[in-house]
Amino acid sequence: MKRTVLAASISLAVSGLLIAGMGSPAAAAPTARPHPPRADRNQAVQDARASIAAHPGAVRASSDDTFASASVLVDQDGTRHVHMTRQYRGLPVLGGDVVVHSAPNGAFRESTLTLKDSLSLAVTPKVAAGRAESLAQKQFRGKRARTTSKLVVDALSGTPRLAWQVTVDGTAPDQSPSHFNVLVDAMTGKVGQTWNAFHTADGTGHGYQVGDVPLTTTAVSGGYQLKDGTRGNGETRDAQNLTATNDSPPAGWGKAFTDTDNVWGNGTLTDRATVAADAHFGIQATWDYYKNVHGRNGIKNDGVGARSFVHYGNNYANAGWDDTSFSMIYGDGAPGDKPFTELDVAGHEMSHGVTSATAGLNYFGDAGGLNEATSDIFGTLVEFNANSAADAPDYLIGEKISSTPLRYMDDPKKDGVSQSCWTTGTKNLDPHYSSGVGNHFFYLLAVGSGSSQWGNSPTCDGGTVTGVGNSAAGKIWYRALTTYMTSGTTYPEARTASIKAAIDLYGASSSQCAAVEKAWSGVAVVPTSTTCGGGTTPPSGTNLLANPGFESGAVNWTASSGVITNDAGANPRSGSYYAWLDGYGSAHTDTLSQSVTVPATATAPKLSFYLAIDTKESGTTPYDTLKAQVVSGTTTTTLATYSNATPGGYTQRTLDLSAFKGKTVTIKFTGTEDSSAATSFLIDDTAVTTG
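Residues numbered from 1 in each chain as written. Predicted model: local features only at pLDDT ≥ 70, side-chain atom pairs only at ≥ 80, totals over all residues. Heavy atoms only, no water.

**Q** Got a minute to help me understand the sheet that holds strand β33 (residues 648–656) in this structure?
**A** Two strands in a sheet stick together by hydrogen bonds in their backbones, pointing the same way (parallel) or opposite ways (antiparallel). Here we have five strands laid out as an open sheet, ordered β27-β28-β35-β30-β33, and antiparallel in their pairing. Of all strands in the sheet, those bounded by a partner on one side alone are β27 (564–565) and β33. Where strand β30 (residues 606–615) meets strand β35 (residues 679–689), nine bridges bridge the pair, whose relative direction is antiparallel. Its bridge partner lying in β35, I613 is registered against F681. (Pairing = 2+ DSSP bridges. Helix = DSSP H or I, 4+ residues; strand = E, 2+ residues; numbered from the N terminus.)

Structure representation (structure tokens):
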């Protein structure tokens, strides 16, 4: 985590002093007041060790105990939480770890641990390692590869004892890798606790729609359960061909899927677990897409997984998302059709939950179509992200369920009921059909118009659209949904929202933003007052940097961890985000960079940015520095160097880029801090202009 900076030292001053030759107002630095930076990892660990030494009883420590840090968390207010492992007379203590909680000034507050008393036991074993390994091997069911052992103190349950921790590596009966652990009493040879190092088991699914897939399950007494502890305990259950009251399955409804060998289904409908494997893989694939692509931790971004109910109803020919019970239901399909557990359907249904948790789009009018289109869009992106051979990604929705797809994204009207082009009457259609406009827009944005391997997409205005790819198109739609759409958003307002999103992510003059405009025109959604503007050569004064004020977070910039932040420990010049380089009080280097093309036609290209410097150093020696640089090919040019010697509030700095006209270069900031007192360099509201 970052470190606290004196808020007053970086607040915007009201004086209007001009710097000679710069023409920019300077913020006068207020009187410095001592305020220590937030503790870094090393300081937090040091304070935790000091707390243990001063309060040994609070952590059940004796003179034979030693501690090592395992993880460190520093809260926004500087409170520290240091997780420490314990050794007793040089041996690891299972169950002996402790979390030391300290105040922002390092003072001890409390501890969290399970150990009841200080340890006192002999550490010379009576049972040899070989004997312990032999006893442990008898507990393992599978093909052994190797066996290792080490002496530990077992304080997991009951009276602490000396034990051999034996690890049997090999292949489990379900063909998954295994690191089977057994505790053997080092004094008596009694076999105790056993566990697999994979606490959440990796099972195998033989799905009907998704084929053979890995499934993350949970070990339970007697076997395994279709519950994913790594993804918020998302669970798949058997509805047993029943229907829930008001289609809202309550907690605990249905039957848990359990299995003894962690192999689920047989690829046919003779095994009820076959479609459960489909649905469970769908939970995993959807969670992973949102997590890895958008940084979203679950449907509600709260780390909680959803439930899926398969075999819902009797010949139920649909699937659905229930926001009230935070669950999905999947029917087995009408006679002659297939179950609705296709991958893009899973992504579709869970994306309804994402929409509910963000924009909350209504399910009627244009918003209803946008709601359905959003689920089709993200269901398709889930399918592409998973890239399953058994369910090859495409721009068709539910194509494996029946003889024809449920919907076509390249030209939605091919299903006979959906609209490909927006009209003022679109809002009167069923959302499944008005969604065609949004689906068609996304296809044009991602793939482009005309013929491709994915289909043949016409435009409503006769224009040509060049696609920007799934990655950019998906990020634009996600930001538009989560940042600019509301419950009643119309298609024209969605055009505005996605243009704003494209500007945030890629810049007003970007090809991505231009493609958004063309794609909306391609589905007959008329322009609004919000446009991309600019072009390949932006007009004088246009900012060439994307996300210049960092308000989209770490988008478009390449930065060291934690540099782009909304940390309350310091202040932005404007908005909520800013760049915070250094400030740790230890040897450290942070970087921040973005590539930009300086037009050859630029009359007087410049780099400008606001910089605040807060330091705990004294004197005029430049111990800590920030360099504003331009990287062109293999050459790095330093335009200016700032240091701890001139602290002060936000001041605009303007640097000449004339030497780089006609070149694509990287604007780079490099902050370097020595090992003593902290200096923080805060950057906000950056710009590269043409003249």
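**Q** Help me understand the state of the cysteines, please; the structure alone is not making it clear to me.
**A** A covalent bond between the sulfur atoms of two cysteines is referred to as a disulfide. Tallied over the entire structure, the rule returns two disulfides. The disulfide that involves C421 links it to C460, with 1.9 Å between the sulfurs. Its torsion about the S-S bond being -90 degrees, the disulfide of C421 and C460 is classed as left-handed. A residue pair is termed long-range when its members are at least 10 positions apart, and C421 in the loop between β23 (407–408) and α6 (431–446) and C460 in the loop between β25 (455–457) and α7 (470–484) qualify at 39 residues. Judged by relative accessible area, which is 29%, C460 ranks as partly exposed. Note on cysteine connectivity: C513 is disulfide-linked to C532, with sulfurs 1.9 Å apart. Given an S-S torsion of about -90 degrees, the disulfide between C513 and C532 has left-handed geometry. Of this pair, C513 sits in helix α9 (residues 511–522) while C532 sits in the loop between α9 and β26 (558–559), placing them 19 residues apart in sequence. For the protein chain, numbering the cysteines in disulfides from first to last along the sequence yields the connectivity 1-2, 3-4. (Disulfide = S-S within 2.5 Å. Buried < 20%, exposed > 50% of the residue type's maximum accessible area, 1.4 Å probe, protein only.)

**Q** Is there a simple way to think about the pattern of salt bridges in this case?
**A** Where charged atoms from two side chains of opposite charge approach closely, those side chains can pair. Counting across every chain of the model gives 15 salt bridges. With its nearest N and O atoms 2.2 Å apart, the salt bridge here joins R80 to D47. Of this pair, R80 sits in strand β2 (residues 80–88) while D47 is found in helix α1 (residues 41–54), placing the two residues 33 residues apart along the sequence. By the burial criterion, R80 is buried, and D47 matches it. Between D685 and R573 there is a salt bridge, with the nearest N and O atoms lying 2.8 Å from each other. In this pair, D685 sits in strand β35 while R573 sits in the loop between β27 and β28 (578–582), placing the two residues 112 residues apart along the sequence. For R573, a relative accessible area of 28% corresponds to the partly exposed category. (Salt bridge = Lys/Arg side-chain N within 4 Å of Asp/Glu carboxyl O.)

**Q** Sorry, what's going on with the side chain of Q629 here?
**A** Here Q629 lies in strand β31 (residues 625–632). Residue class for Q629 comes out buried when judged on its relative accessible area of 9%. Within the local environment of Q629, its side chain forms a polar contact with the side chain of T638, the two groups lying 3.3 Å apart. (Polar contact = N/O pair within 3.5 Å; in protein donor to acceptor, adjacent residues only side chain to side chain.)

**Q** Can you walk me through the sheet that holds strand β12 (residues 218–220) in this structure?
**A** In spatial order, the strands read β12-β13-β17; together these three strands make up an open sheet with antiparallel pairing. Looking at strand neighbours, the two that pair on one side only are β12 and β17 (258–259), the edges of this open sheet. Summarising the sheet, strand β13 (residues 223–225) and β17 pair through two bridges and their orientation is antiparallel. Across the sheet, residue Q225 finds its bridge partner in β17, namely T258.

**Q** I keep staring at the nonpolar core and nothing clicks. Help me out?
**A** In a soluble, globular protein the nonpolar side chains are often hidden away together inside. Residues F378, F441, M485 and W520 are the most contacted members of the largest nonpolar core, which totals 74 residues. The leading source of residues in this core is helix α3 (residues 273–294), at ten residues. With near-sequence residues (within four places) excluded, F441 lies in contact with W477, S498, V516, A519, W520 and V523. If you look at the next biggest cluster of nonpolar residues, it comprises 29 residues, including F609, A628, A640 and V665. (Core = buried A, V, L, I, M, F, W, Y, C linked by side-chain atoms within 4.5 Å. Contact = heavy atoms within 4.5 Å.)

**Q** Could you clarify how one ought to interpret the pairing of strand β32 (residues 635–643) in this entry?
**A** Along any regular strand, the residues point their side chains to alternate faces of the sheet. As judged from the eight bridges shared by β31 and β32, these two strands associate in the antiparallel manner. Residue pairing for β32: Q629 is matched across the bridge by T638. Taking the residues that link successive antiparallel strands as the turn, the β31-β32 hairpin has two residues, and the phi of G633 there is positive, at about 65 degrees.

**Q** For this particular structure, what's the right way to read unusual backbone geometry?
**A** Leaving glycine aside, a negative phi is the common case for residues, and trans is the common case for peptide bonds. Look at A524: it is not a glycine, yet its phi comes out positive at around 70 degrees. With respect to the helices, strands and loops of the structure, A524 is situated in the loop between α9 and β26. What makes A524 partly exposed here is its relative accessible area of 27%. Positive phi outside glycine occurs at N547, with the angle close to 50 degrees. Of note, N547 is situated in the loop between α9 and β26.

**Q** How should I be thinking about the environment of A559 in this particular structure?
**A** Tracing the sequence through the fold places A559 in strand β26. With a relative accessible area of 33%, A559 lands in the partly exposed category. Sequence-wise, A559 and A579 are 20 residues apart; in three dimensions their C-alpha atoms are separated by 9.0 Å. Residues within four places of A559 in sequence aside, it is in contact with I564, T591 and L592.

**Q** What is the right way to read the packing of aromatic side chains from this model?
**A** Both the distance between ring centres and the angle between the ring planes are used here to describe each pair of aromatic rings. For the structure on display, the rule yields 22 aromatic pairs. Relative to Y478, the ring of F378 lies with its centre 6.3 Å away and its plane at 75 degrees, an arrangement referred to as edge-to-face. One end of the pair, F378, is in helix α5 (residues 365–386); the other, Y478, is in helix α7, and 100 residues separate them in sequence. Ring centres of F441 and W477 lie 5.8 Å apart, and the angle between their planes is 45 degrees; on these two criteria the pair is classed as tilted. Of this pair, F441 sits in helix α6 while W477 sits in helix α7, and the two are 36 residues apart along the sequence. The burial state of F441 is the same as that of W477; both residues are buried. Taken together, the ring pairs connect W253, F309, Y312 and Y316 into an aromatic cluster. Here R573 stacks its cationic end above the ring of Y610, 3.6 Å away from the centre of that ring. (Phe/Tyr/Trp six-rings, centres within 6.5 Å; stacked < 30°, edge-to-face > 60°. Lys NZ or Arg CZ within 6 Å of the ring centre and 35° of its normal.)

**Q** Whenever I open this one, the side chain of S510 confuses me. Can you help?
**A** Note on placement: S510 falls in the loop between α8 (491–506) and α9. Side-chain polar atoms of S510 contact the backbone oxygen of G507, separated by 2.7 Å.

**Q** Please clarify how the packing of α5 against α7 should be interpreted in this entry.
**A** Axis angle and axis distance: for two packed helices, these are the angle between their axes and the distance between the axes, and together they describe the pair. Put simply, α5 and α7 touch, their axes get as near as 11 Å, and they point 145 degrees apart. The crossing of α5 and α7 is left-handed. The segment α5 lies against α7, with L370, T374, I377, F378, L381 and F384 engaging N470, G474, W477, Y478 and L481. Of the residues contributing to the contact of α5 with α7, the split by class is eight nonpolar, three polar and no charged. (Axes fitted to C-alpha atoms, helices over the stretch in contact; angles between N-to-C directions. Left-handed = near helix turned anticlockwise from the far one by under 90°. Nonpolar A, V, L, I, M, F, W, Y, C, P; charged D, E, K, R; others polar.)

**Q** Help me out: how do you make sense of α3 in this one?
**A** Since there are 3.6 residues in each turn of an α-helix, residues three or four apart along the chain are aligned in direction. The terminal C-alpha atoms of α3, which comprises 22 residues, lie 31 Å apart, in line with the 32 Å expected from a rise of 1.5 Å per residue. Across the 22 residues of α3, 18 count as buried, placing the element largely inside the fold. Positive phi shows up at G295, right after α3, with a value of about 70 degrees. (Expected span 1.5 Å × (residues − 1).)

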